[in-house]
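# Chain and residue survey
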Amino acid sequence: MAVTLGIDLGTQATKVLIYDSDQRQILASESAPLNLYQDANGTAEQQTHWWTTAITEALAKIPTNIRQSIQALAVSGQQHGFVPLDEDGNSLAPVKLWCDTSTETECQQITEAMGGSEALFSTAGNPILVGYTASKVLNFRKNHPKSYARLHTILLPHDYVNFWLTGVRCMEAGDASGTGFMDVRSRHWSEEVLRVIDPNQNLQDFLPDIGVDNTFIGEVSGATAGLLGIPAGTPVAIGGGDNMMGAIGTGNLSNGRTTISLGTSGTVYAHSPVPIIDNHGHIAAFCSSTGGWLPLLCTMNCTVTT
């Protein structure tokens, strides 16, 4: 029996699913709702402890014997959110999410400092959109200088869950390509964009190396395993962004298949063996989590409107 746990950190809820790959059978599936703080200025934020509480609550609904049969796990998560941590791993501020539109000014500042959209396409492959992580980092630097001075690590939402599970700070290429400060062609951090966000220090020092292989990153710590009721030492794979993991789940691993995902946002994406750079900025030039690329169209409001 090969039993795995999947954790999906969404915007409105966290879902967990336990699957027996030998029997090709779902053993259990549960969810827990998430709060979302929003205001008229476009702010959309969550607290990291809301995520960990929701994961704990969702798993607590599953019988102990099923939880104890888990042999490995991985996390998918909402993309683009900015999780700033101090040296001890504590969150320095509420997490600005992908749907936070309060940083439009910072998007313009980064774009202008880079020399315009064409320069961004040439340097990193993507424009600086308000949903991406880049403007959120600059906003944090401008508006919370004391907390920013304590910044030690920049993570994305699914990375934070990995950190909570294992104590390992890491980032995966597919999810990282949605930050706005990664060169999607080379799968390396863009020194030029990071320098514009903070010209006074090297922000690469605050970013994990980019993982390009879907490998195990560590094991669930004893304390977290006890909280979740799963075996301590359970291997944790690096996981990825929700769209990148959705591509794998729908078999979107080669040319000729298109995936449509209807959630809080709506996305349409396909696989490409080479980077697809849209100089009009309509198609996001993301990386896949399987070594290719994932050209993607997105609308920020989809099923949330109902």
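Our structure is the block above this text.
This is a predicted model, so every value here is computed, not measured. (Residues numbered from 1 in each chain as written. Predicted model: local features only at pLDDT ≥ 70, side-chain atom pairs only at ≥ 80, totals over all residues. Heavy atoms only, no water.)

Remark: the centre distance and the inter-plane angle together describe each pair of aromatic rings, the angle taken between the planes. Taken as a whole and judged by the stated rule, the model has 6 aromatic pairs. Centre to centre, the rings of Trp-51 and Tyr-160 are 6.1 Å apart; their planes meet at 65°, and the pair counts as edge-to-face. Of the two residues, Trp-51 is situated in helix α1 (residues 48–60) and Tyr-160 in helix α7 (residues 157–166); the sequence distance between them amounts to 109 residues. Like Tyr-160, Trp-51 is buried. For the pair Phe-140 and Tyr-148, a centre-to-centre distance of 5.9 Å together with 65° between the ring planes defines the contact as edge-to-face. With relative accessibility at 4%, the residue Phe-140 sits in the buried group. Feature note: the residues Trp-51, Tyr-160 and Phe-163 constitute an aromatic cluster, connected by ring pairs. Just above the ring of Trp-293 sits the side chain of Arg-187; from NZ or CZ to the centre is 4.2 Å. (Phe/Tyr/Trp six-rings, centres within 6.5 Å; stacked < 30°, edge-to-face > 60°. Helix = DSSP H or I, 4+ residues; strand = E, 2+ residues; numbered from the N terminus. Buried < 20%, exposed > 50% of the residue type's maximum accessible area, 1.4 Å probe, protein only. Lys NZ or Arg CZ within 6 Å of the ring centre and 35° of its normal.)

One open sheet holds the 3 strands; their spatial order is β4-β5-β8, and the pairing between them is antiparallel. Each of the sheet's edge strands pairs with one partner strand only, and the pair in question is β4 (37–38) and β8 (95–96). In terms of strand pairing, strand β5 (residues 44–46) meets β8 through 2 bridges, oriented antiparallel. Bridged to Gln-46 within β8 is Val-95. Set on the sheet, α1 makes contact with β4, β5 and β8; between it and β5 the angle comes to about 55°. (Pairing = 2+ DSSP bridges. Contact = heavy atoms within 4.5 Å. Axes fitted to C-alpha atoms, helices over the stretch in contact; angles between N-to-C directions.)

Looking now at the packing of α1 against α7. Close contact between α1 and α7 brings their axes to 11 Å; oriented N to C, the two are set at 65°. Where α1 crosses over α7, the two elements pack in a sense that is right-handed. Residue-level inspection shows Thr-48, Trp-51, Thr-52, Ile-55 and Thr-56 of α1 in contact with α7, the latter providing Pro-157, Tyr-160, Val-161 and Trp-164. (Left-handed = near helix turned anticlockwise from the far one by under 90°.)

The next point concerns the nonpolar core. Grouped together as the largest cluster of nonpolar side chains are 40 residues, with contacts concentrated most on Leu-5, Trp-51, Leu-73 and Leu-165. At the level of secondary structure, the elements contributing two or more residues to this core comprise β1 (3–9), β2 (13–20), β3 (25–33), α1, β6 (72–77), β7 (83–85), α7 and α10 (222–228). Not counting chain neighbours up to four residues away, the residues in contact with Leu-165 comprise Leu-73, Val-75, Glu-219, Val-220, Ser-221, Thr-224, Leu-228 and Val-236. Counting 35 residues, the second-largest nonpolar core is a separate cluster that includes Leu-92, Ala-134, Tyr-148 and Leu-203. (Core = buried A, V, L, I, M, F, W, Y, C linked by side-chain atoms within 4.5 Å.)

Further remarks concern the environment of Ala-113. Mapped onto the secondary structure, Ala-113 falls in helix α3 (residues 104–114). Ala-113 sits 84 residues away from Ile-197 along the chain, and the two C-alpha atoms are 9.2 Å apart.

A separate point is the layout of surface pockets. Looking at the largest pocket, its volume works out to about 1000 Å³. Residue assignment for the lining of the largest pocket shows that the elements contributing at least two residues are β2, α11 (242–249), β17 (258–262), β18 (266–270), β19 (284–287) and β20 (293–299). Of the residues forming the lining of the largest pocket, the biggest block, 6 residues, is contributed by α11. Across the lining of the largest pocket, the residue classes tally to 15 nonpolar, 18 polar and 3 charged. The volume enclosed by the second largest pocket comes to roughly 260 Å³. Along the walls of the second largest pocket sit Thr-4, Leu-5, Gly-6, Leu-17, Tyr-19, Ala-72, Leu-73, Ala-74, Phe-216 and Ala-237, which together make up its complete lining. (1 Å grid on protein atoms, 1.4 Å probe; cavity = no way out; pocket = protein on both sides within 12 Å on 5 of 7 lines; lining within 4 Å. Points joined across faces, edges and corners; volume = space filled by probe spheres on them. Nonpolar A, V, L, I, M, F, W, Y, C, P; charged D, E, K, R; others polar.)

Enumeration according to the criterion identifies 7 salt bridges in this entry. When the shortest N-O distance is used, the salt bridge between Arg-195 and Glu-191 registers 3.8 Å. In this pair, Arg-195 and Glu-191 both sit in helix α9 (residues 191–197), 4 residues apart, roughly one turn of the helix. The partly exposed category is assigned to Glu-191, whose relative accessible area is 46%. Each member of the salt-bridge network shares a partner with another, and the members are Glu-45, Lys-96 and Asp-100. (Salt bridge = Lys/Arg side-chain N within 4 Å of Asp/Glu carboxyl O.)

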